[in-house]
Amino acid sequence: MMENLKAIIVFLLFWSIVIWCARIIKRKRDKQMMEFSEELPEMELVTDEEERKYICKNMVEMGKLENLFWGLVFLLNWWTIVRAIVEICQEWSNGIAYELLEMSLLIAINGVIAENYKTTIKRKRICESGVVKKKIVHIKSYRDFGYGSTEGVIEGKEGEIGIDLNRDEDLPFKRDGDMAMLVWLENGENSLLPRMKPKDESNKKE
């Protein structure tokens, strides 16, 4: 009985610390994003509906198979969590530390999935009806971090800055003479997208 109570206390304490740390990290990240936004070059508001759809498609939408996969993982995890709770009630006398450890792992995975979907929904809302800005820029160089993440270096207000490419590779940009569409969302997120053509061709000299 005492071992089970100790396990529950450790479980609750662990998740209290995790939630507290996550909130601090989120506040710090949001602050850094807004501070970084101040370094970006001057941009114009996106009012054209076609441009908004293009930005939304590139920054928000996931494939149907990807959505289906993560949705199934999310539901399967919750089904396993509920089953673990039932097992805890049934096997209280045999100890519940293992079940709580299993629940913690599944809750952590579902928390990441839920946060990703929350971010995606927020992005989609901004792209459809929020404040979105853009500018056609020249990518001076590329930084490949070796794990599917690449930055394009552009000229900012205070000097050169690196911006995430909204692709796993830089080929689409190199094919376009290293030109790109810099996009900023009202929540501080920004990305470099391949330009719309031929619509943005007239902005090449900007």
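This section reports on the structure supplied with the text.

Each value, and the rule that gives it
- Residues numbered from 1 in each chain as written.
- Predicted model: local features only at pLDDT ≥ 70, side-chain atom pairs only at ≥ 80, totals over all residues.
- Heavy atoms only, no water.
- Salt bridge = Lys/Arg side-chain N within 4 Å of Asp/Glu carboxyl O.
- Buried < 20%, exposed > 50% of the residue type's maximum accessible area, 1.4 Å probe, protein only.
- Helix = DSSP H or I, 4+ residues; strand = E, 2+ residues; numbered from the N terminus.
- Phe/Tyr/Trp six-rings, centres within 6.5 Å; stacked < 30°, edge-to-face > 60°.
- Lys NZ or Arg CZ within 6 Å of the ring centre and 35° of its normal.

**Topic: the pattern of salt bridges**
Applying the stated criterion to the full structure yields eleven salt bridges. A salt bridge links aspartate 30 to arginine 29, with the shortest nitrogen-to-oxygen separation between them at 3.9 Å. The exposure class of aspartate 30 is partly exposed, given its relative accessible area of 27%. For glutamate 128, the salt bridge is made with lysine 124, and the minimal N-O distance between the two is 3.3 Å. Separated by four residues within a single helix, glutamate 128 and lysine 124 lie in helix 4 (residues 97–129), roughly one turn from each other. A relative accessible area of 46% means that glutamate 128 is categorised as partly exposed. Relative accessible area serves as the criterion here: at 33%, lysine 124 is assigned to the partly exposed category. Taken together, the shared-partner salt bridges connect Lys26, Arg29 and Asp30 into one network.

**Topic: the packing of aromatic side chains**
Counted under the stated rule, the structure contains one aromatic pair. Geometrically, the ring pair formed by phenylalanine 14 and tryptophan 15 is edge-to-face, given 5.4 Å between the ring centres and 80° between the ring planes. On the basis of relative accessible area, phenylalanine 14 is assigned to the partly exposed category, the value being 42%. The class for tryptophan 15 is buried, based on a relative accessible area of 16%. Its end group placed over the ring of tryptophan 184, lysine 133 keeps NZ or CZ at 5.4 Å from the ring centre.

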